Amino acid sequence: MKKMLIIYPDLVNAKTGGCVIDFQFIDVLRGSEDIELSYIQNKDLPGSSIIAYNLFFLLHVSIFYKYDYVFVNSRLYPRLFLPFCLLRILRCKSRLITYHHHYNFMTQKGLAKKIHKFFELSFLRKMYKIIIPSPYAKALTEKLLPNKSISYIEIGFEHRSEEIKREINNTFLFVGTLEPRKGIQYILDVAVIFKKRGINANFRIVGNQKYNEYVNQLKSFVVKENLEEIVTFLGRLNDDELKTEYKNASVFLFPSLHEGYGMVLIEAMSYGLPVVAFDNSAMPYTVKDGYNGLLAENMNSNDLAEKAVSLIKNKELYSTIAHQAFTFAQSKPSRTMMIDEMKVFVKTL
């Protein structure tokens, strides 16, 4: 029986799409008859900060000697870099495995970007197995770590049984955590542009509002620009409520500034929603410009607005792209296919 230690901040609440995939992989591990699992979460540590993590595992490095494998998400690289360096120095035989959804250093700027890049890539080089779930992250990893072997298990999605026939009602939907990286300010900029041009529309913003200061800035902007009647912050919704929003919207507006995959794009397309997004990071891997959505110049509010207008003003274009969005989503791997690939991977350990 092989022993594996799973180090993960919280194994109860899946706060992101990446967490959902990680949890699914951990469920597959739990189902293996050949692996015995142990867990360390934030609640088991003296703190969740970078310093607390590093100190705890440096002082308790002997923990790792009990296990054949250690599984982590690569987002923990600042918290586990030093302990994993020590394991290498001590020639500990525990093999390190990580799920790597996207490169954090890509969201940084200046000196911070260089520092994060060094630590993130150094962390990944220490891994025995790197599991990559997206084509964008795969392409980047092959470029940044050309000699590193990776295991590619593409994310699987729920397939809808039938296509939704849509009418254009000028409702624009966003779904995602309300944080600066998601570019929600650009949605508000589009709302201002529409208002000035006399274009009737509604903008519905769904997602966790845990970044209070940022959300307060957004809401203050809405009040300042008198957008209360056309911009609605819905918070986090349950599954049924979210399905209703997808079904009632006309366009999925997603001005994120960086994504490792952007799972929500496929989710929106599975409802036959055309997507308008910025042309950056993983977006062009999913949004095929003019086919299943439209890509706007990165960080350009005016172009984002123009692309949105071109969809709702052209019924034939809208219908074509909506149908092709649904078809594209149906072509992606199913969740069952993804789980089967995870099981094959686990058997190789």
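Residues numbered from 1 in each chain as written. Predicted model: local features only at pLDDT ≥ 70, side-chain atom pairs only at ≥ 80, totals over all residues. Heavy atoms only, no water.

Asks: Whenever I open this one, the overall build of the chain confuses me. Can you help?
Replies: For the chain, the count of helices and strands is 13 helices and twelve strands. Computed over C-alpha atoms, the radius of gyration of the chain comes to 22 Å, within 12% of the 20 Å expected from 2.2 N^0.38 for 349 residues, which places it in the range of a compact globule. Here the C-alpha coordinates of the chain stretch approximately 65 × 40 × 35 Å along the principal axes. Counting every position in the chain, which comprises 349 residues, the buried fraction comes to 53%. A fraction of 73% describes how many contacts in the chain between residues 6 or more apart in sequence connect residues 24 or more apart. With the model as given, the accessible surface of the chain reaches about 16500 Å², and the carbon-plus-sulfur share is 50%. Treating the 45 positive side-chain charges of the chain as one cloud and the 35 negative ones as another, the clouds have centres 8 Å apart. (Helix = DSSP H or I, 4+ residues; strand = E, 2+ residues; numbered from the N terminus. Rg over C-alpha atoms; globule rule 2.2 N^0.38 Å. Buried < 20%, exposed > 50% of the residue type's maximum accessible area, 1.4 Å probe, protein only. Contact = heavy atoms within 4.5 Å. Areas by Shrake-Rupley, 256 points an atom, 1.4 Å probe, with all protein chains shown as cover. Lys, Arg positive; Asp, Glu negative; His and termini not counted. Charge placed at Lys NZ, Arg CZ, Asp CG, Glu CD.)

Asks: Looking at this structure, how should I read the sheet that holds strand β9 (residues 231-235)?
Replies: Across a sheet, strands are paired by hydrogen bonds formed along the backbone, either parallel or antiparallel in direction. Spatial strand order, β9-β8-β7-β10-β11-β12: six strands in an open sheet with parallel pairing. Each of the sheet's edge strands pairs with one partner strand only, and the pair in question is β9 and β12 (293-296). Within the sheet, the average angular offset between the axes of one strand and its neighbour, ignoring direction, is 25°. Pairing analysis gives four bridges linking strand β8 (residues 202-206) to β9, with the strands arranged parallel. (Pairing = 2+ DSSP bridges. Axes fitted to C-alpha atoms, helices over the stretch in contact; angles between N-to-C directions.)

Asks: Explain the environment of Ile193 to me, please; I cannot follow it from the model alone.
Replies: With respect to the helices and strands, the residue Ile193 is situated in helix α6 (residues 184-197). Placed 80 residues apart in sequence, Ile193 and Leu273 show a C-alpha to C-alpha distance of 22 Å. Excluding residues that lie within four positions of it along the chain, Ile193 makes contacts with Ser301, Asn302 and Ala305.

Asks: What is the right way to look at the packing of aromatic side chains in this model?
Replies: Think of a pair of aromatic rings as described by two things: how far the centres are apart, and how the planes are tilted against each other in angle. By the definition in use, this model includes 23 aromatic pairs. Note on Tyr246 and Tyr271: the rings are 4.8 Å apart at their centroids and 10° apart in plane angle, and the pair reads as stacked. Of this pair, Tyr246 sits in helix α8 (residues 239-248) while Tyr271 sits in the loop between α9 (263-270) and β11 (275-278), and the two are 25 residues apart along the sequence. Looking at Tyr246, the relative accessible area reads 0%, which means it is buried. Through a chain of ring-to-ring contacts, the aromatic side chains of Tyr53, Phe56, Phe57, Phe64, Phe84 and Phe123 assemble into a single cluster. A cation sits over an aromatic face here: Lys129 above Tyr128, 5.3 Å from the ring centre. Looking at Lys138, its charged tip hangs above the ring of Tyr152, at a distance of 5.6 Å from the centre. (Phe/Tyr/Trp six-rings, centres within 6.5 Å; stacked < 30°, edge-to-face > 60°. Lys NZ or Arg CZ within 6 Å of the ring centre and 35° of its normal.)

Asks: Explain the environment of Ile164 to me, please; I cannot follow it from the model alone.
Replies: With respect to the helices, strands and loops of the structure, Ile164 is situated in the loop between β6 (150-152) and β7 (171-175). Given the relative accessible area of 27%, Ile164 is considered partly exposed. Each C-alpha atom of the pair Ile164 and Leu273 lies 8.9 Å from the other, and the pair is 109 residues apart in sequence. Other than its neighbours up to four places away in sequence, Ile164 contacts Lys247 and Tyr271.

Asks: Please clarify how the packing of helix α1 (residues 17-30) against helix α13 (residues 335-347) should be interpreted in this entry.
Replies: When two helices pack together, their arrangement is given by the angle between the helix axes and by the axis-to-axis distance. Contact geometry of α1 with α13 gives a least axis separation of 10 Å together with a crossing angle of 50°. It follows that α1 is oblique to α13 by the angle criterion. The hand of the α1/α13 crossing is right-handed. Residues Val20, Ile21, Gln24, Phe25, Val28 and Leu29 of α1 form the contact with α13, whose participating residues are Arg335, Met338, Ile339, Met342, Lys343, Phe345 and Val346. (Parallel < 35°, antiparallel > 145°, perpendicular 65-115°, else oblique. Left-handed = near helix turned anticlockwise from the far one by under 90°.)

Asks: Which parts of the structure should I look at to understand the sheet that holds strand β3 (residues 69-73)?
Replies: If you trace the six strands from one edge of the open sheet to the other, you get β2-β1-β3-β4-β5-β6, paired in parallel fashion. The open sheet has two edge strands with one neighbour each: β2 (35-40) and β6. The sheet shows a mean angle of 25° between the axes of neighbouring strands, direction not considered. In the sheet, strand β1 (residues 2-7) pairs with β2 via six bridges, with the strands oriented parallel. The residue of β2 that forms the bridge with Ile7 is Ile40.

Asks: It is not clear to me how helix α12 (residues 315-331) should be interpreted in this structure. Could you clarify?
Replies: Given 3.6 residues to a turn, an α-helix orients residues that are three or four positions apart in the same direction. Between its first and last C-alpha, α12 extends 24 Å over 17 residues, near the 24 Å set by a 1.5 Å rise per residue. Each element contacted by the buried residues of α12 is listed here: β10 (251-254), α9, α10 (283-286), β12 and α11 (301-312). If you check the start of α12, you find a side-chain oxygen 3.2 Å away from the backbone N of Glu316, and it comes from Asn314. (Expected span 1.5 Å × (residues − 1). Polar contact = N/O pair within 3.5 Å; in protein donor to acceptor, adjacent residues only side chain to side chain.)

Asks: For this particular structure, what's the right way to read the packing of α6 against α11?
Replies: Running from N to C, α6 and α11 point in directions that differ by 65°, and their axes come no closer than 9 Å. In terms of crossing hand, the pair formed by α6 and α11 is right-handed. Residues Tyr186, Asp189, Val190, Ile193, Phe194 and Arg197 of α6 lie in contact with α11, whose contacting residues are Ser301, Asn302, Leu304, Ala305, Glu306, Ala308, Val309 and Ile312. Of the residues belonging to the contact of α6 with α11, the class tally is nine nonpolar, two polar and three charged. (Nonpolar A, V, L, I, M, F, W, Y, C, P; charged D, E, K, R; others polar.)

Asks: What's the story with the side chain of Ser281 in this structure? I'm lost.
Replies: Within the element layout of this structure, Ser281 appears in the loop between β11 and α10. Since its relative accessible area comes to 16%, Ser281 is described here as buried. One polar contact links Ser281 to Asn280, side chain to side chain, over a distance of 2.8 Å. Apart from the residues lying within four places of it in its own chain, the contact partners of Ser281 are Tyr136, Leu257, His258 and Glu259.

Asks: Any chance you could explain the state of the cysteines here in plain terms?
Replies: Between two cysteines, a covalent bond joining their sulfur atoms is known as a disulfide. Under the counting rule described, the total for this entry stands at zero disulfides. Looking at Cys85, it has no disulfide partner, and the nearest cysteine sulfur is the one in Cys92, 13 Å off. (Disulfide = S-S within 2.5 Å.)

Asks: Just to check I follow, could you spell out the nonpolar core for this structure?
Replies: One recurring pattern in soluble globular proteins is that nonpolar side chains are buried together. Core analysis: the biggest nonpolar cluster contains 91 residues, and Met4, Phe194, Phe203, Tyr246 and Phe252 have the highest contact counts within it. Setting aside residues up to four positions removed in sequence, Met4 forms contacts with Leu29, Ile35, Glu36, Leu37, Ser38, Tyr67, Tyr69, Phe71, Ile97 and Leu349. Counting residues in each nonpolar core, the second largest holds 35 residues, with Val70, Leu76, Cys92 and Phe123 among its members. (Core = buried A, V, L, I, M, F, W, Y, C linked by side-chain atoms within 4.5 Å.)

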